[in-house]
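Reading the structure
In case you want the letters, here they are:
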Amino acid sequence: MNQIKGKNYSVYFEKNGYDKLDEIVKQNSYSSIYVLVDSNTNKECIPIFKKRISNSFSFIVIEIDEGEENKNINSCQKVWTILSDKGGDRKSLVINLGGGVITDIGGFIASTFKRGIDFINIPTTLLSMVDASIGGKTGIDFGNLKNQIGVINDPKLVVIDPFFLNTLSIKELRNGYSEMLKHGLITDKKYWDKVSTILLEKKEPGIDEIFTSIKIKNKIVLDDPFEKNKRKVLNFGHTVGHAIESFFMNSQTHNKLSHGKSIAIGMIIEAYISYDLCKLKISEAKEIKNVFNSIFEIVNLTENDCDQIISLLKHDKKNSHGKTNFVLIESIGNALIDIQVPVKNIKKGFEFYLS
Ligand code: NAD
């Protein structure tokens, strides 16, 4: 499988990825190599990683606790301390072996340690393969706000090895499906048709579909690395989706909702708004709803829940000058950015989801 070229790095697949890793390690004569993992990837992925690199270089494992709640400054301090204590210097390398939490925080730790050392991403969740490890965004959460502190900085290399997915739960796989489907909705109807058909048939997308998703995200990032314009399309479904995720995260009476499920509901609602305000056909909005509802169970939302979620939209990161900006689609495969949506249309989107 061919590599995918980013601006300053490439994404390599399977054996080619480990060959490239070996080449980079040899070329750069790193003084020390650290592999950052969380408690799960230490157990599930380090043994595979060791086999893959078959002793071609030695490394020190640094573990942080798993989960989004640990993507914070305390974990950074812990890792920076270990790097310092173990003699990490400007010629050290950090390899991030984990999901999006590890690639985000590991990229940030490496980008700031000694004013920036090399890092390599080896994503181990579907979401981090098709999304988080690509595009150079690194960072941590701060206070109650996600991804509040960070830098945009590219890795030296991304290695995609779908073998890691064998130990991933179906719930985590579904988070990745949401983002893959989104890639089709915003840029490529054929890809949407392909992935949605696979999922409707209760099969799993494979390496070819992972490859296409990375290609789509990479192309968008190449055109607009700092999210001034086109990169915003990647936020389709995320305006409403993030508000839904925050609502459930902070609720005393509801359980947390996964990111993938929140974004899926966001995409259904934003598809309806796209029908209401842009030219999306109602048949396409219904098709989108049908595909996501076949993956995720429908969530019951009361009128009061919907009102509270809508009021959270004012914290969306895409807002400017006090207005909520949406990404909408005029047809499957064609996205529009910076669309302001009145509250009454957002409410109709919720009604469509719940109908
Ligand atoms: P995650 O890293 O928390 O991984 C999900 C769970 O799967 C964790 O419990 C983890 O320990 C476990 N896990 C990881 N790999 C495993 C494996 N191979 N086998 C068994 N268990 C495994 O979450 P995620 O969904 O991968 O990523 C979410 C994060 O990514 C969020 O913090 C989000 O903000 C970030 N993100 C970043 C970008 C970006 O552009 N930088 C884009 C999208 C998402």
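The structure contained in this document is the topic of the report that follows. (Residues numbered from 1 in each chain as written. Predicted model: local features only at pLDDT ≥ 70, side-chain atom pairs only at ≥ 80, totals over all residues. Heavy atoms only, no water.)

**A few points about the overall build of the protein**
Basically, it comes down to this: Strands here mean DSSP runs of E at least two residues long; helices mean DSSP runs of H or I at least four residues long; both are numbered from the N terminus. Atoms considered for the radius of gyration are the C-alpha atoms alone. The globule rule reads 2.2 Å times the number of residues to the power 0.38. Working definition: with a 1.4 Å probe on protein chains only, accessible area under 20% of the residue-type maximum means buried, over 50% means exposed, and in between means partly exposed. Contacts were defined at the residue level, with two residues in contact if any of their heavy atoms lie within 4.5 Å.
The helix and strand tally for the protein stands at 14 helices and 11 strands. Expected size for 355 residues packed as a compact globule is a radius of gyration near 20 Å; at 20 Å, the protein falls within 12% of this value. Across its three principal directions, the C-alpha atoms of the protein cover 60 × 40 × 35 Å. Looking at the protein residue by residue over its 355 residues, the buried ones come to 56%. A fraction of 75% describes how many contacts in the protein between residues 6 or more apart in sequence connect residues 24 or more apart.

**Some words on the nonpolar core**
The following threshold applies: Residues belong to a common nonpolar core when they are buried Ala, Val, Leu, Ile, Met, Phe, Trp, Tyr or Cys residues joined through side-chain atoms within 4.5 Å.
Of all hydrophobic cores here, the largest spans 94 residues; its most connected members are Leu21, Phe49, Ile95, Ile122 and Phe350. A total of nine residues in this core trace back to one element, the largest contributor, which is helix H11 (residues 259–277). For phenylalanine 350, the residues in contact, after removing those within four places along its chain, are Val240, Ile244, Ile269, Leu301, Cys306, Ile309 and Ile310. By size, the runner-up hydrophobic cluster in this structure holds 17 residues, among which are Leu36, Ile102, Phe108 and Phe119.

**Remarks on the environment of threonine 197**
For threonine 197, the location among the structural elements is in helix H8 (residues 189–200). Among the residues examined, threonine 197 registers a relative accessible area of 38% and is labelled partly exposed. For threonine 197 and valine 291, which are 94 residues apart along the polypeptide, the C-alpha to C-alpha distance reads 8.6 Å.

**Details of the site of the ligand**
Quick note on the threshold: The cutoff for a nearby residue is simple: one of its non-hydrogen atoms must lie within 4 Å of the molecule or strand. Any N or O atom pair separated by 3.5 Å or less is treated as a polar contact, with the protein-specific requirement of one donor-capable and one acceptor-capable atom, and with residues adjacent in sequence counted only for side-chain atom pairs. All accessible areas in this document rest on Shrake-Rupley with a 1.4 Å probe, and a residue is counted as covered only by the protein chains that are shown. Only Asp, Glu, Lys and Arg are considered charged, only Ala, Val, Leu, Ile, Met, Phe, Trp, Tyr, Cys and Pro nonpolar, and every remaining residue, Gly among them, polar.
As a matter of local geometry, the ligand sits amid 25 residues, with Asp38, Glu66, Glu68, Thr125 and Thr167 nearest to it. The contact in question runs from a nitrogen atom of the ligand to an N or O atom on the side chain of threonine 124, over 2.7 Å. Between lysine 217 and the ligand, the recorded distance is 3.3 Å, taken from a side-chain N or O atom to an oxygen atom. For the ligand, the protein covers 88% of the area, taking 870 Å² as the surface of the free molecule. Looking at the shell around the ligand, the elements with two or more residues in it are helix H2 (39–44), helix H5 (100–112), helix H6 (126–132) and strand E8 (145–152). Across the shell around the ligand, the residue classes tally to six nonpolar, eight polar and 11 charged.

**Some remarks on the packing of H11 against helix H12 (residues 282–295)**
Just so we agree on the cut-off: Axis definition: a line fitted to C-alpha atoms, limited for helices to the stretch in contact. Angles are taken between N-to-C directions and run from 0 to 180 degrees. Under this scheme an angle from 65 to 115 degrees is roughly perpendicular, one under 35 degrees roughly parallel, and one over 145 degrees roughly antiparallel; angles in between are oblique.
Contact geometry for H11 and H12: axes closest at 9 Å, N-to-C directions at 175 degrees. For the element pair H11 / H12, the angle class is roughly antiparallel. Seen from H11, the contacting residues are Ala264, Met267, Ile268, Ala271, Tyr272 and Tyr275; seen from H12, they are Ile282, Ala285, Ile288, Lys289, Phe292 and Asn293. For the contact of H11 with H12, the per-class residue count stands at 10 nonpolar, one polar and one charged.

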